[in-house]
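Take a look at the letters that make up each chain.
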Amino acid sequence: MSFERIREKLNILADAAKYDVSCSSSGSKRSNTNKGLGDSSGMGICHSYTEDGRCVSLLKILLTNYCIFDCAYCVTRKSNDIKRAAFKIQEVVDLTINFYRRNYIEGLFLSSGIFKNPDYTMERLVAVAKKLRLEENFNGYIHLKSIPGASDELMREAGLWADRLSVNIEVPTISGLKLLAPDKKHEDFTKPMLKVKTEILQYQAEKKVIKSTPKYAPAGQSTQMIIGATGESDKDIMYSATHYYRKYHMKRVYYSGYVPVAEDNRLPAIGTQVPMLRENRLYQTDWLLRFYGFSVHEILNDKHPNLDVEIDPKLSWALRNLHYFPIDINTADKHLLARVPGLGMKSVSKILKGRKFRKLNWDHLKKIGVALNRAKYFILCDSRYWERRDLQAAQIKGMILQNSQGKFRSTHSAQLSLFN
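Residues numbered from 1 in each chain as written. Predicted model: local features only at pLDDT ≥ 70, side-chain atom pairs only at ≥ 80, totals over all residues. Heavy atoms only, no water.

S.K.: Break down the packing of helix α7 (residues 234-248) against helix α8 (residues 276-291) for me, with residues and values.
M.R.: Interhelical geometry of α7 versus α8 gives an angle of 40° and a closest axis separation of 11 Å. Comparing their axes, α8 and α7 come out oblique. The interaxial crossing formed by α7 with α8 has right-handed handedness. Contact residues: α7 offers D234, I237, M238, T242 and Y245, while α8 offers R278, L282, T285, D286, L289 and R290. (Axes fitted to C-alpha atoms, helices over the stretch in contact; angles between N-to-C directions. Helix = DSSP H or I, 4+ residues; strand = E, 2+ residues; numbered from the N terminus. Parallel < 35°, antiparallel > 145°, perpendicular 65-115°, else oblique. Left-handed = near helix turned anticlockwise from the far one by under 90°. Contact = heavy atoms within 4.5 Å.)

S.K.: Explain the sheet that holds strand β8 (residues 252-257) residue by residue, including any values.
M.R.: Taken in spatial order, the 6 strands of this open sheet run β3-β4-β5-β6-β7-β8, and their pairing is parallel. Single-partner strands in this sheet number two, and they are β3 (59-62) and β8. Across the sheet, the axes of successive neighbouring strands diverge by a mean angle of 20°, strand direction being ignored. The sheet contact formed by strand β4 (residues 107-111) and strand β5 (residues 141-145) spans 4 bridges and is parallel. Counterpart to L108 in the pairing with β5 is I142. Relative to the sheet, α8 contacts β7 (221-227) and β8, its axis offset from that of β8 by approximately 165°. (Pairing = 2+ DSSP bridges.)

S.K.: Residues and numbers for the pairing of β8, please.
M.R.: Judged by how many residues are buried, β8 sits mostly within the fold: 6 of 6 residues are covered. Across the two faces of β8 the burial is the same, with R252, Y254 and S256 and V253, Y255 and G257 all buried. Direction of pairing for β7 relative to β8: parallel, over a ladder of 6 bridges. When the sheet's bridge partners are listed, S222 is paired in β8 with R252. As for the winding sense of the linkage, the β-α-β connection from β7 through α7 to β8 is right-handed. (Buried < 20%, exposed > 50% of the residue type's maximum accessible area, 1.4 Å probe, protein only. Right-handed = clockwise from strand over helix to strand, strands pointing away.)

S.K.: Any details on the packing of aromatic side chains? Residues and values, ideally.
M.R.: The final tally for this structure, using the stated rule, is 10 aromatic pairs. Judged by centre distance (5.4 Å) and plane angle (85°), the ring pair of F115 and Y120 falls under edge-to-face. Exposure remark for Y120: the relative accessible area of 27% places this residue in the partly exposed category. Seen from their ring centres, Y244 and Y248 are 5.8 Å apart, and the 25° between their planes marks the pair as stacked. You can see Y244 and its partner Y248 sitting in helix α7, 4 residues apart, about one turn around the helix. Judged by relative accessible area, Y244 falls into the buried class, the value being 2%. Y248 sits in the buried class, given a relative accessible area of 5%. Aromatic rings pair up to connect F294, W317, Y324, F325 and F378 into one cluster. Here K235 stacks its cationic end above the ring of Y239, 5.5 Å away from the centre of that ring. Of note, R252 hangs over the ring of Y254, and the distance from its end group to the ring centre comes to 4.7 Å. (Phe/Tyr/Trp six-rings, centres within 6.5 Å; stacked < 30°, edge-to-face > 60°. Lys NZ or Arg CZ within 6 Å of the ring centre and 35° of its normal.)

As structure tokens, this is what we get:
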């Protein structure tokens, strides 16, 4: 094995993999057995943080950047004049084990361009995971990117060796996919998703009866959408994401701001700013839908098809619905408390516990961790003072923005706090 050639391949294929942002804590529990290598219990990927505060990482590469497709948004499309490379199966296995032994990584995130056909590519991805598990006794985290169009048999086998599977839907709408990737079919993406969902449900049912049932994708499946490559509104994107959560039981939907990589009249020009702020607002909306009890039509609808980039989506909703406020922090139920800007779910839980012993005032709320710079306009507590008075929505928004500081402040006057 030529060290220089392996290093060249690693540089090429690790760089190509950076456009996939589907990275999160694993949610998998594959414990170390028989004195093997690694332990994915509580582990994560891509410099994520586990619940106990540890920062963890993985080897994130493509098996190859050769591809038979010519998707306009993809840096590895066949018409792009770039250096091409491909790893052998054993090379990926050796890299993973050697990097793990040197404490560089705690897992593997493996994707690939499609060469020859989807089944041939998927078979090689599965072979890497299988070799790691059976020959190297590797129990660390493995995330495999499922190849659109791969057979049900290969998808089933992939889930037996990987902790998480994911098929990137890539473009949020069918019309956008036809425009930018006319060689691909929408059903090529959804068919593997449905197979993985079915297998996970079957595993969960069998596990209740037979404890020794082999694990199947214990960390579930995820997908990713490219944001800003086509003209979809935020409403289109979030309705699409909601569909995938509901129908395919996704653990996560990721939103990736489009990075211009090619001159094409169908795409934003090279040099166009990556829509990072929009991407952030979509993640905040996703969080509201999954954990705060909001429905997508409350936040995005025909009247409000796009998110306000200046303020977070919960504050935006509250300013459009001032008739719900103020609410009494000492009597409101959990559902209403979760809708107050500046109140995260941890703060809501502390409020519900604390008010059992006494009525809460501004000092109590501050100690709890409530972001009073926003919340004070929408709540009453054990105090005669109410901050909002007769202010209108535009006035409240202006006062909050004036007193806020966000990480994008240099280019946007926005408060980007994730609900504290």
